[in-house]
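Residue strings, one per chain:
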Amino acid sequence: EAQVTQNPRYLITVTGKKLTVTCSQNMNHEYMSWYRQDPGLGLRQIYYSMNVEVTDKGDVPEGYKVSRKEKRNFPLILESPSPNQTSLYFCASSSIPGSYEQYFGPGTRLTVT
Amino acid sequence: DQQVKQNSPSLSVQEGRISILNCDYTNSMFDYFLWYKKYPAEGPTFLISISSIKDKNEDGRFTVFLNKSAKHLSLHIVPSQPGDSAVYFCAASASGGSNYKLTFGKGTLLTVNP
């Protein structure tokens, strides 16, 4: 089954404790992206990756890091989480060229206290 | 500055009737538009899209209309079914962009009552 998986699905942590949210896709997609969804703000792009070892900032990259060492994986790293990073996070992937129809993972609900 | 606007946070319709979800955009560079559906505890799933060279695209019960002069698009669901109850996101992109970036609206919660 074609899918994007994320782990963990739910996470409660404390300010400053480094964490990683994993994302993996089994569709051999070139493009992967991270979004956050906040009430009243819709979905906003954090980082994206056009291919292995190629990543770039989206609209709200502050406080986040990513890496793309393998095609299938695109982890999101919060080096020092803060309460304003409490949000619902989605990973997405799509094939290239030209596909705006992205496949989304199930989401990770993060709470930073 | 919100470039994609869904001004109705929620919409309630009766089963069998038409649901019309609206979306406005401000960026004239947008030339490809998509609708995504999202159920609770799941990620958004792609529903239907339209290119700016068209003014209508149909897929079964779902039709998207695009009015470029008004910078407005709408999603029509006919007939509406209880399983259509979900949050619908409008999204837009500019084909000249290099990162396949989608700009999303805030979403509209559709409730279809049996």
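Okay, so let's go over this structure. (Residues numbered from 1 in each chain as written. Chains lettered and ligands numbered in written order. Predicted model: local features only at pLDDT ≥ 70, side-chain atom pairs only at ≥ 80, totals over all residues. Heavy atoms only, no water.)

## Details of the packing of aromatic side chains
Here the structure, examined in full by the defined rule, presents 12 aromatic pairs over all chains. Here the aromatic rings of Tyr35(A) and Phe104(A) are separated by 5.5 Å at their centres, their planes lie at 40 degrees, and the arrangement is tilted. Residue Tyr35(A) is located in strand β4 (residues 31–38), and its partner Phe104(A) is located in strand β10 (residues 103–104); the two are separated by 69 residues in the primary sequence. Seen in terms of ring centroids, Tyr36(B) and Phe46(B) are 6.0 Å apart; in terms of plane orientation they differ by 75 degrees. Their pairing is edge-to-face. (Phe/Tyr/Trp six-rings, centres within 6.5 Å; stacked < 30°, edge-to-face > 60°. Helix = DSSP H or I, 4+ residues; strand = E, 2+ residues; numbered from the N terminus.)

## Observations regarding the pattern of salt bridges
Scanning all chains against the criterion turns up eight salt bridges over all chains. Salt-bridge contacts for Lys101(B) lead to Asp59(A); the nearest nitrogen and oxygen are separated by 2.5 Å. Of this pair, Lys101(B) sits in the loop between β9 (86–93) and β10 (103–104) while Asp59(A) sits in the loop between β6 (54–57) and β7 (65–66), which puts the two residues in different chains. Classification of Lys101(B) as partly exposed rests on a relative accessible area of 24%. Its relative accessible area of 42% is what places Asp59(A) among the partly exposed residues. One salt bridge connects Glu58(B) with Lys56(B), and the closest N-O pair in it is separated by 3.7 Å. Owing to a relative accessible area of 52%, Glu58(B) belongs among the exposed residues under this scheme. Look at the salt bridges and you will find they share partners, linking Lys18(A), Lys65(A) and Glu79(A) into a network. (Salt bridge = Lys/Arg side-chain N within 4 Å of Asp/Glu carboxyl O. Buried < 20%, exposed > 50% of the residue type's maximum accessible area, 1.4 Å probe, protein only.)

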